[in-house]
Amino acid sequence: GEKAKPYAQRGIQIEHRLQSYLNKLQRNGDHITVPIGEIRNRDLAVLTTETGVEFTLVNAAGKTFLIRGGENFTTIPQEILNLVIDSRGAIECHSHPYIGDIVPSDADKRMMELLTWVQESTIIDPTEKTARFNSLGVIDTGTEASDRNEDYYKDMIWGEE
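Residues numbered from 1 in each chain as written. Predicted model: local features only at pLDDT ≥ 70, side-chain atom pairs only at ≥ 80, totals over all residues. Heavy atoms only, no water.

Student: Which parts of the structure should I look at to understand the pattern of salt bridges?
Tutor: Pairing between side chains of opposite charge can happen when the charged atoms of each approach one another. This model, assessed by the stated rule, comprises eight salt bridges. A salt bridge links R40 to D43; its shortest N-O distance comes to 3.2 Å. Note that E120 and R132 form a salt bridge whose closest N and O atoms lie 2.4 Å from each other. Residue E120 is found in the loop between α4 (106-114) and β5 (121-124), and its partner R132 is found in strand β6 (residues 129-134); the two are separated by 12 residues along the sequence. Several salt bridges share partner residues, and in doing so they unite E15, R17, R40 and D43 into one network. (Salt bridge = Lys/Arg side-chain N within 4 Å of Asp/Glu carboxyl O. Helix = DSSP H or I, 4+ residues; strand = E, 2+ residues; numbered from the N terminus.)

Student: Any chance you could explain the pairing of β5 here in plain terms?
Tutor: Every other side chain in a regular strand lies on the same face of the sheet, so the side chains alternate between the two faces. Of the two faces of β5, the one lined by S121 and I123 and the one lined by T122 and I124 are each fully buried. Here strand β4 (residues 90-95) runs beside β5; their pairing, made up of three bridges, is parallel. Following the sheet pairing, C93 is matched in β5 by T122. The turn linking β5 back onto β6 is made up of four residues, and E128 within it adopts a positive phi angle of 70°. (Buried < 20%, exposed > 50% of the residue type's maximum accessible area, 1.4 Å probe, protein only. Pairing = 2+ DSSP bridges.)

Student: What should I look at first to understand the nonpolar core in this one?
Tutor: A general trend in soluble globular proteins is that nonpolar side chains are found buried together. Grouped together as the largest cluster of nonpolar side chains are 19 residues, with contacts concentrated most on Y21, I39, L44, L47, F55 and L66. Looking at this core element by element, the count peaks at four residues for helix α2 (residues 41-51). Not counting chain neighbours up to four residues away, the residues in contact with Y21 comprise I32, V34, E38, I39 and L66. With 17 residues, the next largest nonpolar core counts V58, I76, I91 and V118 among its residues. (Core = buried A, V, L, I, M, F, W, Y, C linked by side-chain atoms within 4.5 Å. Contact = heavy atoms within 4.5 Å.)

Okay, here's the thing in structure tokens:
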């Protein structure tokens, strides 16, 4: 699939809160702790659109972590993975940077096998399409978007002609 055209290239400024996250998250594996409930799945779609890389939202030990990934995977730092396992936390959601790519990778499914207490996780793409999945694969698909029309998505992919 194609990546979405970054907001900056379209002359659109992303929310200050999200830009401040990007300023702190420069490389695969970089992470920050954010207040519980501050980040929504839709925020991951914005971050991945702007950068062209994955982002992952993890809840563990009463904390929420936002982790920057790469184009095809996210490196979850060992200390965060240990917290997830020790506190029976969860990988709540992660983004895929390619439009329409909401299929869990083999690595995504293996992670769900490791986290036996977690029933499901979510993948979101730049257009806010989602898939809930478990270790066996996709459970169902949907969308986070409800108020965007076809022109919005055409502009996201191709920009103004």
